[in-house]
Every structure is written in C-alpha cells, then in structure tokens.
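Below are the chains, spelled out letter by letter.
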Amino acid sequence: DVKVTQSSRYLVKRTGEKVFLECVQDMDHENMFWYRQDPGLGLRLIYFSYDVKMKEKGDIPEGYSVSREKKERFSLILESASTNQTSMYLCASRSPGQGGEQYFGPGTRLTVT
Amino acid sequence: GENVEQHPSTLSVQEGDSAVIKCTYSDSASNYFPWYKQELGKGPQLIIDIRSNVGEKKDQRIAVTLNKTAKHFSLHITETQPEDSAVYFCAASMGSNSGYALNFGKGTSLLVTP
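1. So, the nonpolar core
Thinking step 1. Counting residues in each nonpolar core, the largest one holds 24 residues, and the members touching the most others are Trp35(B), Phe73(B), Leu75(B), Tyr88(B) and Leu110(B).
Thinking step 2. Sorting the residues of this core by element identifies strand 2 (10-14), strand 3 (19-25), strand 4 (32-38), strand 5 (45-51), strand 7 (62-67), strand 8 (72-77), strand 9 (86-93) and strand 11 (108-113) of chain B as the ones contributing at least two each.
Thinking step 3. With residues up to four places along the chain from it excluded, the contact list for Leu75(B) reads Ala19(B), Val20(B), Ile21(B), Trp35(B), Ile47(B), Ile48(B), Ile62(B), Ala63(B) and Tyr88(B).
Thinking step 4. Among the nonpolar cores identified, the runner-up in size contains 20 residues, and Val4(A), Met32(A), Trp34(A) and Val112(A) belong to it.

2. A few points about the sheet that holds strand 6 (residues 56-59) of chain B
Residue and element names in this part refer to chain B.
Thinking step 1. Strand order in the open sheet formed by five strands is 1-3-8-7-6, with antiparallel pairing between adjacent strands. Bordering the open sheet on either side are strand 1 (4-7) and strand 6, each of which pairs with just one other strand. When the angles between neighbouring strand axes are averaged without regard to direction, this sheet yields 15 degrees.
Thinking step 2. Note: strand 1 against strand 3, four bridges, orientation antiparallel.

3. Thoughts on the side chain of Gln25(A)
All names here are of chain A.
Thinking step 1. If you trace the backbone, glutamine 25 turns up in strand 3 (residues 19-25).
Thinking step 2. From its side chain, glutamine 25 meets the backbone nitrogen of aspartate 28 in a polar contact 3.2 Å long.
Thinking step 3. For glutamine 25, the side chain forms a polar contact with the main-chain oxygen of lysine 71, separated by 3.3 Å.

4. Description of the pattern of salt bridges
It is possible for side chains bearing opposite charge to pair when their charged atoms get close.
Thinking step 1. Scanning all chains against the criterion turns up 11 salt bridges over all chains.
Thinking step 2. Between Glu79(A) and Lys18(A) there is a salt bridge; the shortest N-O distance is 3.5 Å. On the criterion of sequence distance, the pair formed by Glu79(A) in the loop between strand 8 (73-78) and strand 9 (87-94) and Lys18(A) in the loop between strand 2 (10-13) and strand 3 is long-range, its members being 61 residues apart.
Thinking step 3. Glu79(A) gets classed as partly exposed once you look at its relative accessible area, which sits at 44%.
Thinking step 4. Note on Lys18(A): relative accessible area 44%, which makes it partly exposed.
Thinking step 5. Notably, a salt bridge pairs Arg51(B) with Asp49(B), separated by 3.8 Å at the nearest N-O pair.

The rules behind each value
- Residues numbered from 1 in each chain as written.
- Chains lettered and ligands numbered in written order.
- Predicted model: local features only at pLDDT ≥ 70, side-chain atom pairs only at ≥ 80, totals over all residues.
- Heavy atoms only, no water.
- Core = buried A, V, L, I, M, F, W, Y, C linked by side-chain atoms within 4.5 Å.
- Buried < 20%, exposed > 50% of the residue type's maximum accessible area, 1.4 Å probe, protein only.
- Helix = DSSP H or I, 4+ residues; strand = E, 2+ residues; numbered from the N terminus.
- Contact = heavy atoms within 4.5 Å.
- Pairing = 2+ DSSP bridges.
- Axes fitted to C-alpha atoms, helices over the stretch in contact; angles between N-to-C directions.
- Polar contact = N/O pair within 3.5 Å; in protein donor to acceptor, adjacent residues only side chain to side chain.
- Salt bridge = Lys/Arg side-chain N within 4 Å of Asp/Glu carboxyl O.

Put into structure tokens, the structure is as follows:
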C-alpha cells in the first residue's frame, strides 16, 4: 500500500511565524501535491512538483512556497503565517502515467492565531 | 482550475437503501475520475476511479458511471451501511501542465441512518 505521511496532525502557530509542513511518500512517486481544504470550498491546489527540485504553482500559491530536495519529501512553507491560512493541509502523491491514482496523507490542521 | 460541480451537498438515506452522487466537469482533457471518501479527522481515501475509456466500473457495493459526451459521472452505493457515512468527493484530472493534479467537487456529506 502507498504510504503518505505528514509530520504533524495539528499545529498552532502565531501570525508572522515561518511554518514548515513536511510530507513523505514511500512509493518513489515523481508527482507530489499540496492542497488546502476549507469548508464550502473543497480542496484547492497550492503547489505541485513533478520531480526533485521542480515545482509549479497551483491555483492558490500566494503566501506559500515549497521545497523538494529529495524525491520522497515535499515541504510546504508559509513564510509569514497569517490567520487566513488557518486550514487543513493535505499532501498527496501520484502513481505514474496519465491516469495514475493520487493518494493522500492524513492532513495537518493548522491554526494561526 | 476547471470547475467540477457535485450534487447533492448533503444526502441522508436509510440503511439498506441506495445513494447516488452526481458530478459534472468542464475540462474536455480530463480523462481520470476518482472518488474519495473522507471520514472525520482523516485524509481523503480513494475508493473507486474510472478512466475515460470505460463507461462503468463496479467494486462490490460501489459503482461509478461516466458519460464523457455529457461530461458527467456518478457514484452509486447500494445496500448502504452506517459505516458508509462520510463526506464523498468526486474529482477530475487536469492536464500534464498541472502534473495531472485533480479538480475536486465540493463534497457530499452522506448520512446513513440505521
């Protein structure tokens, strides 16, 4: 089974702090994704990566950056956390091929106060 | 990303009845359509998917149908059980420029009452 793990289930940070959310997958997948999930808005794509050191903006990249130094690890960075970034953050990795399955981690619920 | 519309937003059925959730999409390039189940406090779990070269797929009590011409697809759960209660999301793949990321519907909260 594919395993996608996220470093924290719950985080509470203060406005202005730098926040790192870590994601690791164990299936040697090339494509990895960060989404945020908010009530009434569903899941929205923040950033994705299709290879080491490669990254692309998704639909809502403002206020975020990412890092992919190793194939198995994809990090989401909030340079200066703000209250509107309080959300559930979901990492996913994807099997290769055009119709590859996408598997999600358990999520990190981030609260910015 | 392109829109994926999902209906209904909430659905309540009696145990043993069937549940149907419908989605429409707008991107003609979409060719992969997964369905996820999300329980409280957990990440979405892939339960079934369909690719554009087939019209129907079944896995025990769960089935998915796809009409590419009309750009809609549906999830059917038969003989529902209380443990089927969860939020269900449909999704449609984006193109290679987006790494085949997914556009999601806004979810259907399914409640199965005993």
